[in-house]
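Architecture at a glance
Next come the chains, spelled out residue by residue.
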Amino acid sequence: MTDHRDPAEARLDELLGAWCREIEEVPVPRLVDPVRAVDIVIEAKKRGRVHAPPDGAGTRPPGDAREEAF
């Protein structure tokens, strides 16, 4: 199959693809420990500092193991 694209577009696709692969190769450390973050939110809820969203949207999947901590 022959590539009928503009050579500049093909080169741009090649460069962007290489750039994406290069970025994906570098591991990104976690900025926040998820378990610690959940503990902080639980503690804040206990103190009444976190309020439910006004539209009633759920932010956790049903049956979350930490649900009984509230």
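Here the structure is a predicted model, which is why all the values come from computation and not from measurement. (Residues numbered from 1 in each chain as written. Predicted model: local features only at pLDDT ≥ 70, side-chain atom pairs only at ≥ 80, totals over all residues. Heavy atoms only, no water.)

Notes on the overall build of the protein
When helices and strands are counted, the protein shows 2 helices and 0 strands. Considering the protein as a whole, with its 70 residues, one finds that 3% of them fall into the buried category. Working note: accessible area of the protein is about 6,600 Å², and carbon and sulfur atoms make up 58% of it. (Helix = DSSP H or I, 4+ residues; strand = E, 2+ residues; numbered from the N terminus. Buried < 20%, exposed > 50% of the residue type's maximum accessible area, 1.4 Å probe, protein only. Areas by Shrake-Rupley, 256 points an atom, 1.4 Å probe, with all protein chains shown as cover.)

Thoughts on the pattern of salt bridges
Counting across every chain of the model gives 2 salt bridges. One salt bridge in this structure joins E14 and R11, with 2.8 Å as the shortest N-O distance. Highlighted residues: E14 and R11, both in helix α1 (residues 7-25), separated by 3 residues, approximately one helical turn. Residue class for E14 comes out partly exposed when judged on its relative accessible area of 48%. We note a salt bridge from E43 to R47, for which the minimum N-O separation is 3.2 Å. Take R47: its relative accessible area is 56%, and that puts it in the exposed class. (Salt bridge = Lys/Arg side-chain N within 4 Å of Asp/Glu carboxyl O.)

Here's the deal with a nonpolar patch on the surface
Together, L12, L16, W19 and I23 make up a nonpolar patch on the protein surface, roughly 410 Å² of accessible area in all. The class for L16 is partly exposed, based on a relative accessible area of 41%. (Patch = residues over 30% accessible without salt bridge, like charges linked within 9 Å, V, L, I, M, F, W, Y side chains within 5 Å.)

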